[in-house]
Amino acid sequence: MAEMWINMGPQHPMTHGLWNLRVKVDGETIVDAEPEVGYLHRGIEKLCEARTYPQIIPIADRLCYGSSLTWSHLYCLTVEDLMDIEVPERAEYIRVMAIEMQRIASHLMWLAAYAGDLGLAVGFTYTMRDREVFVDLLQALTGSRLTYNYPRIGGVAHDLPPDFERDTVRAVQYMEMRLKEYEDLFDGSKIFMMRNVGIGILRKEDGINLGVTGPSLRASGVDYDLRKDMPYSVYPEMDFEVVKHEDGDCYARYRVRMDEMWESCRIIRQALQKMPTGRWRVVAPRNAPVGTGLGRVEDPRGEAVMYAVGDGTDRPYRLKIRSPIFVTVSAAPKILVGYKLADVVAIMGGLDMCIGENDR
Amino acid sequence: MNLYQFCYGIVHWLVGLVNNIWYWLGDFLPWYFGDLFTAIGNFAASEGHLWFMTLLVESVVVVVIALINVLNFLWIFRKLSGRILDFYGPYYVGYRIGGWLQNLADGMKLFIKEIIVPTKADRLGFLLAPVIFVGSSLTILAVIPFSVDFGISTSESGEYVSAGALFALAAFSIAPFAILLAGWSSNNKYTLIGGMRSAAQMMSYEIPLILCAASVFLLAGSFNFVEIVDAQSGIWFFIPLFIGFVVFLICLMAEVEIIPFDLPEAEAELVEGWTTEYGGMRFGLFYMTTAVRSYAGGALATALFLGGWHGPSFLPDEIWFLIKAYIVFTVFMWLTWSVPRIRIDQMLVFGWRRLLPLAVLNLLIAAALKSGGWF
């Protein structure tokens, strides 16, 4: 068969969103690839310039449907840096706990989509079922299930609801039980291993040069996690490991995310134990001073950065968002070339695409 | 009474009924019309015509059996997938019978959808492919008997097609040709790759499948389903030929194209593979035919390895046959939901390097058993 271009997207089961991956195939082997993004561009950066600072929190939520809490947290960190606000310690603990719940929920959603991509129906439904546990917890905490609108500039919106500690401990116990089951289900499956081991290898140098961050980079053997390397919030108080793997293939990326869920469970337990009493919110000023604020967090998908410029009014002069997936997707041609057409879903699914934050 | 005699009885009774009215009408007409009427009536009552009509009625019976099985199969498929995948499955349509009517509702919905032929598609191939796919799959059922008395392809004296098992295997393997035709004529890159995959895949599973069936033919000494099942009255063939049984089931899963081997469809990477351009009832027919093929696969495995209609006598033979076929299908579904999809090059390696040697080994075991005088 001669070489031909295939458009995988914008409407394609592989995309998990709205983007287009053009792959050039020779028979079933990929010889070239070219990602095209921008179908979901909503102009969020520009939109923010016309909103007051508190009004932007829900918009930041809508950057990523998979882990919206991380983004509103990041936005609040940025504006707190801009306004020089000291957040109460209880709020920091609540934020860290909620974000780790969000990280587990996001990784579970990734696992579900990944299993669905590989044709493993059980993997899809079981992980989505267990994601419900954490979504329900976050619903009890924040009041909504997908876009939480929970962090505020200077704290969080509410204190913990009644019995929340008890429910969280139960959920974490349940999750640790389930994670063992997933490891049996996925690692125990010969076909799953055949589809993952040695597929889509991203070498360490390539990953660093292309600017890939997050689990995809850690799977290539780079020990880089902002929670450890540039600690923010109360992460220095927490005892957890940075998970990394040396292989850089799809299986390593899967393992990194699975192990991160274990670590997130540890962090949630610690945050609950160490959580102090006290206020959970301070009043933020209406207007930001002239100056800049920078926030960097470890998103479930990589390093997320926001940069805000204040001009003395109640609206930001400029808000720049650095999306981890926008960088990761540009590494696609590097990873894809040489593998089979069926590996496209494994590789691109393994990178955990989230087009909302990508196109902004 | 076998099925041929049963259908012959129906046709005979119907022709007699119609002829009574026919002759009675002829009495009112002038003599030249009346003679014509009498001649037509006599032709209708002739043996040749009755034979032909009996064959037609038997074909209808094939289709009806297939459709009833399809409804049951899809219902089991959906309910079982709900049990395994942690959801309810069909529930509200046909509430009192466990959502059994859901498939009828879905079929009706597909039926009223517009039929679309893509502008740049090869029209003849595009329209012919579903016919070949569905027709060849329904043909399999014609030769598979449910019991000694209840089979489709019987002659007047109750004899079955002598090489029925071969015919079933042959009819089974026509489908990849239809898939290739559909993939090519749809003029779409996904369907093209799907069709090509189907052709490549067929090479790797068809040979082990035939070899495993050959070991059964060797032990039974016949290609005839009735004789094969009779040969299993002592011991079912899956016990001496266990390797062959497993290989046969794996190959059947590839033949039916369900998940570890559904490469031509591969919804994640090829959208819906070779069925991408088909919509409406044509897609419904493909969906239905997959269930027909699953049933036929289960029936083949039952007849060749699981002792056919043998079983304790508190249930009729036909029921035993159906139960076994449904159990094989259930195992298929169970596997389908719990494993990921294999890749095409891995499929070829798996077929040629694992299944084929095992199938040959199985054939050697069968030959040794036969020459040792065990069967």
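Residues numbered from 1 in each chain as written. Chains lettered and ligands numbered in written order. Predicted model: local features only at pLDDT ≥ 70, side-chain atom pairs only at ≥ 80, totals over all residues. Heavy atoms only, no water.

The secondary structure content of chain A amounts to 15 helices and eight strands. Seen along its three principal axes, the alpha-carbon backbone of chain A occupies a region of about 65 × 45 × 35 Å. Within chain A, the fraction of its 360 residues that count as buried is 61%. Relative to all contacts within chain A whose residues are 6 or more apart in sequence, the contacts with residues 24 or more apart total 71%. (Helix = DSSP H or I, 4+ residues; strand = E, 2+ residues; numbered from the N terminus. Buried < 20%, exposed > 50% of the residue type's maximum accessible area, 1.4 Å probe, protein only. Contact = heavy atoms within 4.5 Å.)

Attention now moves to the interface of chain B and chain A. Facing 25 residues of chain B, the contacting portion of chain A comprises 31 residues. Across the chain B to chain A interface the summed buried area is about 2500 Å²; carbon plus sulfur atoms make up 65%. A per-residue breakdown of the area chain B buries against chain A is headed by Glu269, Pro340 and Arg343 of chain B, which together make up 24% of the total. Applying the counting criterion to the chain B and chain A interface returns three salt bridges. The salt bridge partner of arginine 129 of chain A is aspartate 86 of chain B, with a shortest N-O separation of 3.2 Å. Inspection of the region where chain B meets chain A yields eleven residue pairs in polar contact (both at pLDDT 80 or more). Listed by contribution, the elements that provide at least two residues to the side of chain B that touches chain A are α3 (47-85), α8 (189-220), α11 (267-270), α13 (317-338) and α14 (344-371) of chain B. (Buried area = accessible area lost by both parts, 1.4 Å probe. Salt bridge = Lys/Arg side-chain N within 4 Å of Asp/Glu carboxyl O. Polar contact = N/O pair within 3.5 Å; in protein donor to acceptor, adjacent residues only side chain to side chain.)

Residue and element names in this part refer to chain A. For the structure on display, the rule yields 42 salt bridges over all chains. For arginine 318, the salt bridge is made with glutamate 45, and the minimal N-O distance between the two is 3.2 Å. Here arginine 318 is found in strand β8 (residues 316-322), whereas its partner glutamate 45 is found in helix α1 (residues 44-49), with 273 residues between them in sequence. Judged by relative accessible area, arginine 318 falls into the partly exposed class, the value being 30%. A relative accessible area of 15% means that glutamate 45 is categorised as buried. The shortest N-O distance in the salt bridge between glutamate 80 and arginine 95 comes to 2.7 Å.

Here chain B is partitioned into domain 1 (3-45) and domain 2 (123-371). Each of domain 1 of chain B and domain 2 of chain B has a C-alpha centre, and the two are 43 Å apart. (Domains from an automatic or database assignment.)

What follows covers the nonpolar core. Grouped together as the largest cluster of nonpolar side chains are 203 residues, with contacts concentrated most on Val23, Tyr75, Val344 and Met348 of chain A together with Phe248 and Leu304 of chain B. When residues of this core are assigned to their parent elements, the largest contribution, 16 residues, is made by helix α4 (residues 89-118) of chain A. If near-sequence neighbours (up to four positions away) are discounted, leucine 304 of chain B is found in contact with Ala213, Val216, Phe217, Phe225, Ile228, Gln232, Phe237 and Phe248 of chain B. One finds Phe126, Phe133, Ala178 and Trp274 of chain B within the second-largest nonpolar core, a separate group that totals eleven residues. (Core = buried A, V, L, I, M, F, W, Y, C linked by side-chain atoms within 4.5 Å.)

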